[in-house]
Amino acid sequence: MFNGILIEKDEQGYRARLASLAKTQLPAGDVLVSVSYSTLNYKDGLAITGKGPVVRSFPMVPGVDLAGRVEESSHPAFKVGDEVLLNGWGVGEKQWGGLAQKARLNGDWLIPLPAGLTPWQTMAVGTAGYTAMLAIMALEKNGVTPDSGKVLVTGANGGVGHFAIAFLSRLGYRVVASTGRPEETAHLQQLGAAEVINRTVLSAPGRPLGKEQWAAAIDSVGSHTLANVCAGLQYQGTVAACGLAQGMDLPASVAPFILRGVTLAGVDSVMRPRADRVAAWQRLASLADEALLQSISREIPLGQVIETANDLMAGKVRGRVVVDVN
Ligand code: NDP
């Protein structure tokens, strides 16, 4: 038997609890992982609280990220004792995920632990940091460099926002952070933000085109914010869009695209091909040191996951939450 968070939905309603589970309950897969750490992402918060339709089948163990050690394997790439990492692939949505002491998975979804990072450190980075790096790679693919101009990061106090600020500033970019929590200004500056703006400037309906302010942006907020970001990018600027914290809608006009040559680059981390994942993790490993990860993350046990998921949905969590499942 082992412990895990279990989400159920039946005539008694939608609920999550800390449960004792049997190995025989685990889904099919060619690698059994003894999980060391998982994390709490926005998507996990939606799944655990039931505030978003993330879970596709019930019962479900949530957790889109995990790091651990291979306990059994019939996959040619992995042997017992290997340290591995997983982000996404529908784990915690369609297949039992990382918020449990064991997970049985398709070995094709796993990557070896990146050199230079411990299992705890990879989970402090988690999908948030990996997505921030994918977003930076999307900007670079479109020719953005530190010389291009300022880069705006929205949702600055979230997991993706924190890493986007830290990584961009370490790569030499001048970062403008947009937040609804101005009281966190000093913390955001410590992470690497050169300027901090209030998100209300961006979150209300705006004009089709505004002043050209930023060479590029990483947006985890969507909705009016993303529309205003597009309207405020410099000529041929690029925004990497990866989130929907304000909303899934995009009430924008085509003006920034057809008059300023702006690029809207979509970022998906979940189904990302393996080569991109390995490249993103290799790059971020050199940027995510222990001091940064400690300043961004806090650790909780499995028993605090459900209450922390509620806090996350209420916007009360800053940065990253690492879950020690043992
Ligand atoms: P968090 O909950 O940690 O952060 C979201 C941040 O967005 C908050 O901290 C807040 O920042 C801001 N925010 C929240 N509500 C609003 C609102 N109503 N209006 C404007 N800003 C708001 O989430 P993550 O950083 O983990 O994820 C961010 C987004 O990215 C989520 O939508 C998530 O689903 C998505 N995501 C997408 C991935 C992909 O593959 N495309 C992968 C990972 C995440 P502040 O307080 O500073 O304003």
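Source: prediction; values computed, not measured.

Criteria and thresholds
Residues numbered from 1 in each chain as written. Predicted model: local features only at pLDDT ≥ 70, side-chain atom pairs only at ≥ 80, totals over all residues. Buried ≥ 20, exposed ≤ 12 C-beta atoms within 10 Å, placed from the backbone. Helix = DSSP H or I, 4+ residues; strand = E, 2+ residues; numbered from the N terminus. Contact = placed C-beta atoms within 7 Å. UniProt positions renumbered as here; feature names shortened; annotations may be inferred. Near = placed C-beta within 6 Å. Nonpolar A, V, L, I, M, F, W, Y, C, P; charged D, E, K, R; others polar. Domains from an automatic or database assignment. Pairing = 2+ DSSP bridges. Axes fitted to C-alpha atoms, helices over the stretch in contact; angles between N-to-C directions.

Attention now moves to helix α6 (residues 223-232). Among the 10 residues that make up α6, nine are buried, leaving the element largely enclosed by the rest of the structure. Along α6, the residues that are buried comprise S223, T225, L226, A227, N228, V229, C230, A231 and G232. Elements that come into contact with the buried residues of α6 comprise β8 (151-153), α5 (200-203), β11 (214-219), β12 (233-241), α7 (255-260) and β13 (263-266).

This paragraph deals with the UniProt feature "domain: Enoyl reductase (ER)" (unreviewed entry) in the chain. Here the UniProt-annotated "domain: Enoyl reductase (ER)" (unreviewed entry) positions come out as residues 16-323. Summarising residues 16-323: 32% helix, 25% strand, and an end-to-end C-alpha distance of 16 Å.

This part is about the site of the ligand. Near the ligand, the surroundings consist of 32 residues, among which G155, N157, G158, T179 and G243 are the closest. When contributions to the shell around the ligand are tallied by element, the ones reaching two or more residues are α1 (42-49), α2 (119-141) and α3 (159-170). Taken together, the residues that form the shell around the ligand break down as 11 nonpolar, 17 polar and four charged. Of the residues that make up the shell around the ligand, three or more belong to each of domain 1 (2-117 + 292-324) and domain 2 (127-266).

With that settled, consider the sheet that holds β11. Read from one edge to the other, the open sheet built from six strands follows the order β10-β9-β8-β11-β12-β13, with strand pairing classed as parallel. The two strands at the open ends of the sheet, each matched to only one other strand, are β10 (193-198) and β13. In this sheet, neighbouring strand axes are inclined to one another by 20 degrees on average, regardless of whether the strands run parallel or antiparallel. Of the pairings in the sheet, the one linking β8 to strand β9 (residues 175-179) comprises three bridges and is parallel in character. Bridge pairing links V153 to A177 in β9. Lying over the sheet, α2 contacts β11, β12 and β13, oriented at roughly 150 degrees with respect to β12. Against the sheet, α6 touches β8, β11, β12 and β13, its axis set at about 150 degrees to β12.

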